[in-house]
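The residues making up each chain are set out below.
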Amino acid sequence: MKPSHYMTLAYAAFALFVFVKAFNSNPAEKHLTPVIESANTPATATFRAIKAIDENTVWAAGSANTVARTLDGGESWDVFKVGDSLKTEFRSLMAWDASTALVFTIDSPAVGYRTDDGGKSWYQVYFNPAQGMFIDSVSFSDDLNGVAVGDPLDGHIFVITTDDGGHSWTEIQGPENAGGMFAASNTCVTMTTSSRILIAASSSEVHIGDGKQWSTIPTPITKGADNGCDGCYGVWMSDEERGFLYGGNYEYVSNKTGVLARTIDSGRSWQLCEEGIHGFVSAVAPVNADRKVRKKQSDTFYIASGSDGISFSKDGGYSWEDITASLPEGVKGYHALSSTGDTVW
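Given the structure is predicted, the values throughout are model-derived calculations rather than measurements. (Residues numbered from 1 in each chain as written. Predicted model: local features only at pLDDT ≥ 70, side-chain atom pairs only at ≥ 80, totals over all residues. Heavy atoms only, no water.)

Quick look at the sheet that holds strand β23 (residues 309-313)
On the basis of which strands lie adjacent, the open sheet formed by 4 strands has the order β21-β22-β23-β24 and antiparallel pairing. Whereas interior strands pair on both sides, the edge strands pair on one side only; in this sheet they are β21 (283-286) and β24 (321-322). (Pairing = 2+ DSSP bridges. Helix = DSSP H or I, 4+ residues; strand = E, 2+ residues; numbered from the N terminus.)

Structural notes on the environment of Pro-34
The topology assignment puts Pro-34 in the loop between α1 (6-11) and β1 (47-52). According to the relative accessible area criterion, Pro-34 is buried, its value standing at 11%. As a C-alpha pair, Pro-34 and Phe-312 span 278 residues in sequence and 7.9 Å in three-dimensional space. (Buried < 20%, exposed > 50% of the residue type's maximum accessible area, 1.4 Å probe, protein only.)

A look at unusual backbone geometry
At the junction of Ser-108 and Pro-109, the peptide bond is cis and its omega measures out at 0° in the coordinates. Mapped onto the fold, Pro-109 is located in the loop between β6 (101-105) and β7 (110-115). With a phi angle near 70°, Ser-195 is a residue other than glycine that sits in the positive phi range. Along the chain, Ser-195 falls in the loop between β13 (189-191) and β14 (197-200). Exposure remark for Ser-195: the relative accessible area of 26% places this residue in the partly exposed category. The backbone of Ser-266 sits at a positive phi, close to 65°, despite the residue not being glycine.

Quick look at the pattern of salt bridges
Tallied over the full model, the rule gives 6 salt bridges. As a salt-bridge pair, Arg-91 and Glu-89 come within 3.2 Å of each other at their nearest N and O atoms. Like Glu-89, Arg-91 is buried. (Salt bridge = Lys/Arg side-chain N within 4 Å of Asp/Glu carboxyl O.)

Considering the side chain of Ser-185
With respect to the helices, strands and loops of the structure, Ser-185 is situated in the loop between β12 (170-172) and β13. Owing to a relative accessible area of 4%, Ser-185 belongs among the buried residues under this scheme. A distance of 2.7 Å separates the side chain of Ser-185 from the side chain of Thr-187, its partner in a polar contact. Residue contacts for Ser-185: discarding those within four places in its chain leaves Arg-48, Tyr-233, Ser-282, Ala-283, His-335 and Ala-336. (Polar contact = N/O pair within 3.5 Å; in protein donor to acceptor, adjacent residues only side chain to side chain. Contact = heavy atoms within 4.5 Å.)

Some details on the sheet that holds strand β17 (residues 230-237)
With antiparallel pairing, the 4 strands of this open sheet are ordered in space as β17-β18-β19-β20. Each edge of the open sheet is held by one strand with a lone partner, namely β17 and β20 (271-272).

A word on the packing of aromatic side chains
Considering all chains together, one arrives at 17 aromatic pairs under this definition. Between Tyr-233 and Phe-280, the aromatic rings sit 4.8 Å apart at their centres with planes inclined by 85°, giving edge-to-face as the arrangement. With Tyr-233 in strand β17 and Phe-280 in the loop between β20 and β21, this residue pair connects regions lying 47 residues apart in the sequence. By the burial criterion, Tyr-233 is buried, and Phe-280 matches it. Pairwise contacts between aromatic rings join Trp-96, Phe-104, Tyr-126, Phe-140 and Trp-169 into one cluster. Sitting over the ring of Trp-96, Arg-114 keeps its end group 5.0 Å from the ring centre. In this arrangement the basic side chain of Arg-262 is found over the ring face of Tyr-318, its NZ or CZ atom lying 4.2 Å from the centre. (Phe/Tyr/Trp six-rings, centres within 6.5 Å; stacked < 30°, edge-to-face > 60°. Lys NZ or Arg CZ within 6 Å of the ring centre and 35° of its normal.)

Written out as structure tokens, the structure reads:
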């Protein structure tokens, strides 16, 4: 989304080149809390999209046409300049492994770049010069099938899909919406394993569909401020039925009402679950989703973060503990999150 406060959103927090890592979170030991370490990159960029492949391999994308990758758990980083202009920003990122990644520029012309050689070279897989283009987010359900969404054109959210791992893209009819989305953390769209698409809109609605038919679901996420900064910022699904919707107001980050909701019925309804939350939320990630000892959803720990705080849940996201005070000195929060096992970046 490109409202009048666009520059504020893009450059507000340069602390994002420091990442969150959460360790040793065992569902059987509910007293444990995350250990947070710093992993500084040499890039002078604001990262708004991040993808963890495993505990060692992580990709990140952001401002000043910057893409970064670590292969050693953040000890060292490769920094790539993708495209021709330093004004280029990437808010959308998908990565499959240490060699293969995909990014989209946010502004017109919309360009998709892919690398198959670990960032050494990038080639175009999408180009759209249409006026008003603004790609907000990308999501894949598997290695081949994915979706990218952009701000509305002609009253409909812009939607493109791929079935070949992002090598080619096809525009489909998106849901009606005049407001658009927030390109805050690469999570305003998610595609589930059944290729069902959920779009979190700034209108505090969720659009759900299969690319042919769409339904629009009202949500309890805050809406109504006159600054254009409130609404849904992202949606994340742990499976086909359960997930989180989050947001709030970027300019009133301490507001703790209407910032986080959960669903257990595939997004048909959403219930607030913000007890103990720090405030504005732009990203949610599981901590121990891969654990074999996880017997039920409430065993999963979660991190919820925004530009001015971070919270931790030990009961599947039903209640939260504000752990902002444990952040490294000078860091207020994180725009984007991605997790693998017990590690959240």
